[in-house]
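This is what each chain is made of:
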Amino acid sequence: LLRGVDRHDFVRGQVAVAVGSVKSHATGKAEVYFLTKDEGGRHTPFGTGYRPQFWFGATDVTGALVLEDRDLVFPGDRATVRFDLNRAVGVETGMRFALREGGRTVGAGIVTKV
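Every value quoted in this text rests on a predicted model; they were computed, and no experiment measured them. (Residues numbered from 1 in each chain as written. Predicted model: local features only at pLDDT ≥ 70, side-chain atom pairs only at ≥ 80, totals over all residues. Heavy atoms only, no water.)

Novice: Sorry if this is basic, but what is going on with the packing of aromatic side chains here?
Specialist: We describe a pair of aromatic rings using the distance from one ring centre to the other and the angle between the two ring planes. In total, this model carries eight aromatic pairs according to the counting rule given. Summarising the aromatic geometry, the rings of Phe-56 and Phe-97 are spaced 5.3 Å apart at their centres and angled 45° between planes, so their arrangement reads as tilted. In this pair, Phe-56 is assigned in strand E3 (residues 53–56) and Phe-97 in strand E7 (residues 96–101), connecting sequence segments 41 residues apart. With respect to burial, Phe-56 and Phe-97 carry one shared label: buried. The structure contains a cluster of three or more aromatic residues connected by ring pairs, namely Phe-54, Phe-56, Phe-83 and Phe-97. (Phe/Tyr/Trp six-rings, centres within 6.5 Å; stacked < 30°, edge-to-face > 60°. Helix = DSSP H or I, 4+ residues; strand = E, 2+ residues; numbered from the N terminus. Buried < 20%, exposed > 50% of the residue type's maximum accessible area, 1.4 Å probe, protein only.)

Right, dumping it as structure tokens:
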């Protein structure tokens, strides 16, 4: 919905910002809450190396989670994690995101450091 911009000039997930105002990052830290089975999340725990889809607004990218303060995360837990995305995207401290797996949301988080 930008004036003077054709709808085919942008691809889903791209951002329009002032030059130099947002940098792309592929790694960072986040505080994440993982949904319980009753909330529609995972049924089983997972460890470092779990690879969900990260949804930052309209952008989705696969990434890996590295657990910082424990070996396993159970559904319903909060955890501090490091994330390693497959490609760099426009991420800033304070951004919220969703973690999805197999068509369902399994967690929600906020970026604490990039």
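Novice: It is not clear to me how the nonpolar core should be interpreted in this structure. Could you clarify?
Specialist: Considering soluble globular proteins, one finds that nonpolar side chains tend to be buried as a cluster. Membership of the largest hydrophobic core comes to 21 residues, with the highest contact counts inside it found for Phe-34, Phe-54, Phe-56, Leu-65, Phe-97 and Leu-99. Of all elements in the fold, only strand E1 (24–34), E3, strand E4 (59–67), strand E6 (78–90), E7 and strand E8 (104–113) reach the threshold of two or more residues within this core. When residues of this core are assigned to their parent elements, the largest contribution, five residues, is made by E6. Filtering out sequence-adjacent residues up to four positions away, Leu-99 remains in contact with Val-32, Phe-34, Pro-52, Gln-53, Phe-54, Leu-65, Arg-104, Thr-105, Val-106 and Gly-107. (Core = buried A, V, L, I, M, F, W, Y, C linked by side-chain atoms within 4.5 Å. Contact = heavy atoms within 4.5 Å.)

Interpretation note: all reported values are geometric properties and have no functional meaning in isolation.
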